[in-house]
Structure formats: C-alpha cells, structure tokens
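Structure at a glance
Residue strings, one per chain:
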Amino acid sequence: MGKCKNITRLLSDALDRSLTTGEWVAIRLHLPTCSGCRNYRKQIRLLRVAAHTASGSATPGAVQRDE
Ligand SMILES: [Zn+2]
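First things first, this report covers the structure right here in the doc. (Residues numbered from 1 in each chain as written. Predicted model: local features only at pLDDT ≥ 70, side-chain atom pairs only at ≥ 80, totals over all residues. Heavy atoms only, no water.)

Quick notes on the packing of helix α1 (residues 3-13) against helix α3 (residues 35-54)
As a packed pair, α1 and α3 sit with axes 10 Å apart at the nearest point and diverge in direction by 20°. Judged on the interaxial angle alone, α3 and α1 are roughly parallel. Crossing of α1 over α3 shows right-handed handedness. Packed against α1, whose contacting residues are Cys 4, Ile 7, Thr 8, Leu 11 and Ser 12, the element α3 presents Cys 37, Tyr 40, Arg 41 and Ile 44 at the interface. (Axes fitted to C-alpha atoms, helices over the stretch in contact; angles between N-to-C directions. Helix = DSSP H or I, 4+ residues; strand = E, 2+ residues; numbered from the N terminus. Parallel < 35°, antiparallel > 145°, perpendicular 65-115°, else oblique. Left-handed = near helix turned anticlockwise from the far one by under 90°. Contact = heavy atoms within 4.5 Å.)

Structural data, given as structure tokens:
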C-alpha cells in the first residue's frame, strides 16, 4: 500500500501550501483508518507548535484535539 506515503506527504505539504479539496478528501478518508498517519499528523503539529514557540509567538495550550 503506497497510500500512506501519499497521505503523509500531503500532511506535510499542508504546512506550506493550501491543499486542494480532493487532497483534503483523501486525507479525511484515510486518517480514520490508519493510526500511523494519525500519529504522523500529531507529530508534525507538535513540531509546528514548537517552531512557533521558538520564534517567540508562544501559544500556551495550543495543542488541539479534533478527533
Ligand atoms: Zn496511513
């Protein structure tokens, strides 16, 4: 299954660019079925929060759960 590779790629792309509707749909269909990709998404979110904190715009308690 090469799907996870695509999904993780899209998840990290989403930090840099806007995804198309089709790309979001692919993610939304895949994430509920795959704990690996859910963990990946969690990790890159934490990395992004850490990057914000490091750049001086700290947002305490910004870790969100939407599942
Ligand atoms: Zn996956």
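Description of the coordination of the zinc ion
Note on the zinc ion: its protein donors are Cys 4 (SG), His 30 (NE2), Cys 34 (SG) and Cys 37 (SG). The metal-donor distances range over 2.0 to 2.3 Å. Relative to the metal, the 4 donor atoms surrounding the zinc ion lie at angles of 103 to 113°, and the coordination shape comes out tetrahedral. Donor residues for the zinc ion, ordered by position in the chain, follow C-x25-H-x3-C-x2-C. In this pair, Cys 4 is assigned in helix α1 and Cys 37 in helix α3, connecting sequence segments 33 residues apart. (Donors = N, O, S within 2.8 Å, 3.2 Å for Na, K, Ca; no water. Tetrahedral: all angles 85-135°; square planar, octahedral: opposite > 155°, others 65-115°.)

What to know about α3
With 20 residues, α3 should reach 28 Å at 1.5 Å per residue; the first-to-last C-alpha distance of 28 Å fits that figure. As for α3, its buried residues are in contact with α1 and α2 (21-30). Phi turns positive, to about 100°, at Gly 56, one or two residues after α3. (Expected span 1.5 Å × (residues − 1).)

Details of the nonpolar core
Listed in full, the 9 residues of the largest apolar core are Ile 7, Leu 10, Leu 11, Leu 19, Ile 27, Leu 31, Cys 34, Cys 37 and Ile 44. Here this core gets 3 residues from one element, more than from any other, and that element is α1. (Core = buried A, V, L, I, M, F, W, Y, C linked by side-chain atoms within 4.5 Å. Buried < 20%, exposed > 50% of the residue type's maximum accessible area, 1.4 Å probe, protein only.)

Concerning the pattern of salt bridges
Taken as a whole, this structure holds 3 salt bridges when the rule is applied. A salt bridge links Arg 17 to Asp 13; the nearest nitrogen and oxygen atoms lie 3.2 Å apart. Overall, Arg 17 belongs to the partly exposed group, its relative accessible area being 35%. A salt bridge links Arg 17 to Glu 23, with the shortest nitrogen-to-oxygen separation between them at 3.3 Å. (Salt bridge = Lys/Arg side-chain N within 4 Å of Asp/Glu carboxyl O.)

Looking at α1
All buried positions along α1 are accounted for by Ile 7, Leu 10, Leu 11 and Asp 13. Taken down its axis, α1 places every buried residue within 160° of arc, on the same side. For α1, the exposed residues set more than 90 degrees away from the buried face come down to Lys 5 and Arg 9. Where α1 is buried, its residues touch α2 and α3. (Arc of directions from axis to C-beta.)

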